[in-house]
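# Structural characterization, general
Listed below are the residues making up each chain.
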Amino acid sequence: MEENNNEIEINGVKYHVEVIKENNIKELKDVETHKIIIIGTTGVGKTSISLRLINQITNKKIETEPTISVDILSFIVKVNEKFIKIQLWDACGNEEFTRNTPNLFKNVELSIVVYAIDNKQSFEDVIIWNNILLSYNPTCLKYLIGNKDDLKENKREVKIENGKEIKKNLDFNLFFETSAESGSNINNLLKNIGVSIYNKKNNDEEKLLKSSESFKLKNNEGDEIKNNKKKKKKFC
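One structure accompanies this document, and this report is about it. (Residues numbered from 1 in each chain as written. Predicted model: local features only at pLDDT ≥ 70, side-chain atom pairs only at ≥ 80, totals over all residues. Heavy atoms only, no water.)

### Examining the pairing of strand β3 (residues 13-20)
Spelled out, the test is: Two strands are counted as paired when DSSP detects at least two bridges linking them. Runs of E in the DSSP output that reach at least two residues are strands. Runs of H or I that reach at least four are helices, and both are numbered from the N terminus.
Two elements, strand β2 (residues 7-10) and β3, share four bridges in a ladder whose sense is antiparallel. Pairing of I10 across the sheet is with V13, part of β3. Linking two consecutive strands that pair antiparallel, namely β2 and β3, is a turn of two residues; a positive phi of about 55° is found at N11 within it. One ladder, built from four bridges, connects β3 with strand β5 (residues 70-79); its direction is antiparallel. Paired with V19 across the two strands is V77, which belongs to β5.

Structure representation (structure tokens):
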């Protein structure tokens, strides 16, 4: 995976991904909305990551208050020539609230689970958040993010190897570390989100097309059978 400004290469395929301001799009009614959610223990930086994704701030410190329940934010990305509206649900870090609010996960296409590299407990909680996610939406894409990689090494409680291991063990689709403080890897996260939704959308459209073609084929076969029966009756 390579990163260069608005370009990204994933599995040998190059994509162009950029955030588009809504007032720059003439026909917003044709832009489909895709829901994603960001979850994790309180204080790991979920809201700061969300704000950086939307506002593309990379050189300014973001001050945030803890999320009480859920904040719903949105932004539009352009992947190659397609516009995609992302509706990002920033859930609070209260495990009980999240577990008892199934609507949070309804129609979610991608979930981002965040821990802080200076908080071992938040890393251990990844298993809990993953279990909650699986109980409500076991088929959505899953990203694992280790936040606060701007901290000095002596403050790190979770090694990057630990993140890679749990990513593999819990079948996350993607893992890397970020910093909501410095903006490190936020653009990379944004581009991966855009490409994941873009590819999922294309795959869903292909499946729908194949299903439609299969349905037409079956109907045509049924019409042929009916016609053959009618012809046979004429010669009886």
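### Focus: the pattern of salt bridges
Rule in force here: Within this document, salt bridges are pairs made up of a side-chain nitrogen of Lys or Arg and a carboxyl oxygen of Asp or Glu, the two lying within 4 Å of each other. Relative accessibility thresholds used throughout: buried, under 20% of the residue-type maximum; exposed, over 50%; partly exposed, between the two (1.4 Å probe, protein chains only).
Scanning the model with the defined rule gives six salt bridges in all. Note that K200 is salt-bridged to E109, the shortest N-O span being 3.9 Å. Placement of the pair is K200 in helix α6 (residues 186-234) and E109 in strand β7 (residues 108-116), with a sequence separation of 91 residues. Taking relative accessible area as the criterion, K200 reaches 27% and is therefore assigned partly exposed. Residues R156 and E153 are paired through a salt bridge, measuring 3.1 Å at the closest nitrogen-oxygen approach. One network of salt bridges, with partners in common, ties together E153, R156 and E177.

### Considerations on helix α4 (residues 126-136)
For the record, the criterion: The arc under discussion is defined with respect to the helix axis, by the directions toward the C-beta atoms.
When α4 is considered as a whole, its buried residues turn out to be V126, W129, N130, I132 and L133. The arc that holds the buried residues of α4, viewed along the axis, is 160°, so those residues lie on one side.

### Quick word on the side chain of T41
Our working definition: Here a polar contact is recorded for every N or O atom pair within 3.5 Å, except that within protein the pair must consist of a potential hydrogen donor and a potential acceptor, and residues adjacent in sequence are included only if both atoms are side-chain atoms. What makes two residues a contact is simply this: any of their non-hydrogen atoms within 4.5 Å.
When you line up the elements, T41 lands in the loop between β4 (33-40) and α1 (46-55). A distance of 2.8 Å separates a polar atom in the side chain of T41 from a polar atom in the side chain of D125. One polar contact links T41 to W129, side chain to side chain, over a distance of 3.3 Å. Each residue touching T41, except ones within four places of it in the same chain, is listed here: K46, G93, V114, S122, D125 and W129.

### Regarding the nonpolar core
As a rule of thumb, soluble globular proteins bury nonpolar side chains together. Rule in force here: Nonpolar cores were defined as sets of buried Ala, Val, Leu, Ile, Met, Phe, Trp, Tyr and Cys residues, with membership established by side-chain atoms within 4.5 Å.
Membership of the largest hydrophobic core comes to 32 residues, with the highest contact counts inside it found for I49, I112 and I193. Considering every element that reaches this core, the biggest residue donor is α6, with seven residues. Contacts of I193, omitting those with residues within four sequence positions, involve I36, L53, I86, L110, I112 and Y143. Core analysis: the second largest hydrophobic core is formed by 22 residues, W89, W129, L170 and F175 among them.

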